[in-house]
Amino acid sequence: MAEAVPVRCPACLRENGYTAPVFPCACGSPVHPPLDLAAPPVPLTHRTWSDTWVTVRCTTCGRESEWPHPELGCGSCGTVVLIPVHPLEGTGSPAGPARPAGSPQAAARPDPGGAGRDPAGAATGGPAGGRPAHIPPPPAAPVPRPAFRPVTIRTARDAVATAALYLRWLGFRDVRQPDARPIPAATVDLRAPGLVAQVDPTTAPAGLRAVECVWLNGLTASATSVYFALAGYTAEARARADDLGIPLFVMDLTGMPQPVNDPADALVGPDA
C-alpha cells in the first residue's frame, strides 16, 4: 500500500494526508498514478471529462489505461483539489513514424488494398481471408477478470483501503475513501456512483442496526448498498441482509474479502 504524502490546500494552506489509489491492471498488477508533488494542487471549481481521468502506464506490462484523476477534499475548508501527476514518457503515434517505401519494414507491411487476393492478384473471397464480406467475424471471447490482489490488513485504514480496492476490482468507479484516519471504534463510509458501502474494522460482529442503516443510506441515494466487516455478522444481521438483498462481505487479515450471502455472490459474479 502506498504511503500517505502531505498535500497543502491552496485555499486555507492546511496540509492534508493523501494516499494515492491503487488500481488493478488487466494483467493483474497494481498500478497507481505517479504523483507530481513538486507541482501545486489545482482547485477543482468545474468538473470536466479531461479533469476526471488520467492515463497511467502499468510498469509490468506497459498497458496504458484511463483511471480516475487523483483528487483530495480539504478536511478544514472543504476545497477539492486535483493532485498533479507526471505525464507519460515517450508518448507518440501508436503507428510510429513513417518509413521510406523501400525499407524492409515498409516492404513487410501488408497492403490494405490487397487483402483477400493471392500473389497472382486473384480474389480469394473477400477482405477477411476467404470469408464473404456480408458475414461478420465471430465475436471475441470475453476477457476474464484478473485475480484480486489483497492488501494485508494491519490497521483500520488498511481495512478501508482494502474494501475500496475490492469495490474497484468489482467495477465501481471513483470510489471515495475518507481523508481522515478512521477511528477504530466506528464504521467508515465509502461512496461511488451507484454505490453506498460501509466498512466495519472493529472486532465485534456487525449487528442488525448496522445492516439496516446501510440499506437506508443506499435507499436514500438510489444506490447499491454493500457491507464489509472484519468480525463477521450476527445471525439477525445476516437474516435481515438476505431479506433486504444487501451483499455482505467478511475480510480476514490477509485482506481477501469473502462473500457470506447470496446477494454478495451475485455481486461478485461467476468470474471470481
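Residues numbered from 1 in each chain as written. Predicted model: local features only at pLDDT ≥ 70, side-chain atom pairs only at ≥ 80, totals over all residues. Heavy atoms only, no water.

1. A word on the overall build of the protein chain
Then, number 1: If you tally the helices and strands in the protein chain, you get six helices and 14 strands.
Then, number 2: Across the protein chain, every contact between residues at least 6 apart in sequence was considered, and the portion connecting residues at least 24 apart equals 48%.
Then, number 3: When the accessible surface of the protein chain is totalled, it reaches about 15700 Å², and 57% of it is carbon and sulfur. (Helix = DSSP H or I, 4+ residues; strand = E, 2+ residues; numbered from the N terminus. Contact = heavy atoms within 4.5 Å. Areas by Shrake-Rupley, 256 points an atom, 1.4 Å probe, with all protein chains shown as cover.)

2. Some remarks on the sheet that holds strand β11 (residues 195–200)
Then, number 1: Pairing within the open sheet is mixed, and its five strands lie in the order β10-β11-β12-β13-β14. Both outer strands of the open sheet, β10 (188–192) and β14 (257–259), are each paired with one neighbouring strand and no more. Sheet twist, expressed as the mean angle between neighbouring strand axes with direction ignored, is 25 degrees.
Then, number 2: Where strand β13 (residues 248–251) lies against β14, three bridges are found, and the strand directions are antiparallel. Residue pairing for β14: Val250 is matched across the bridge by Gln258.
Then, number 3: Most of the contacts of helix α4 (residues 208–221) go to β11, to which it runs at about 160 degrees, and overall it touches β10, β11, β12 (224–229) and β13. (Pairing = 2+ DSSP bridges. Axes fitted to C-alpha atoms, helices over the stretch in contact; angles between N-to-C directions.)

3. Topic: a negative patch on the surface
Then, number 1: A surface patch of negative charge is lined by Asp242, Asp243, Asp262 and Asp265.
Then, number 2: Of all elements in the fold, only α5 (235–244) and α6 (262–268) reach the threshold of two or more residues within the negative patch.
Then, number 3: Secondary-structure assignment places Asp265 in helix α6. (Patch = residues over 30% accessible without salt bridge, like charges linked within 9 Å, V, L, I, M, F, W, Y side chains within 5 Å. Salt bridge = Lys/Arg side-chain N within 4 Å of Asp/Glu carboxyl O. Lys, Arg positive; Asp, Glu negative; His and termini not counted. Charge placed at Lys NZ, Arg CZ, Asp CG, Glu CD.)

4. Observations regarding the environment of Leu35
Then, number 1: Among the secondary structure elements, Leu35 is positioned in the loop between β4 (30–31) and β5 (42–43).
Then, number 2: C-alpha of Leu35 to C-alpha of Val5: the two residues are 30 residues apart in sequence and 9.7 Å apart in space.
Then, number 3: Every residue in contact with Leu35, bar those within four places of it in the chain, is listed here: Val5, Tyr18, Ala20, Pro70, Ile83, Pro84, Val85 and His86.

5. Topic: the nonpolar core
For soluble globular proteins, nonpolar side chains are generally found buried alongside one another.
Then, number 1: Ranked by size, the top nonpolar core spans 25 residues in total, and within it Tyr166, Leu167, Leu190, Val199 and Phe228 carry the most contacts.
Then, number 2: Secondary-structure elements contributing two or more residues to this core are α3 (156–170), β10, β11, β12, β13 and α6.
Then, number 3: Here this core gets nine residues from one element, more than from any other, and that element is α3.
Then, number 4: Grouped together as the second largest cluster of nonpolar side chains are 15 residues, Val7, Phe23, Val56 and Cys58 included. (Core = buried A, V, L, I, M, F, W, Y, C linked by side-chain atoms within 4.5 Å. Buried < 20%, exposed > 50% of the residue type's maximum accessible area, 1.4 Å probe, protein only.)

These results come straight from atomic positions and should not be treated as a statement about function.
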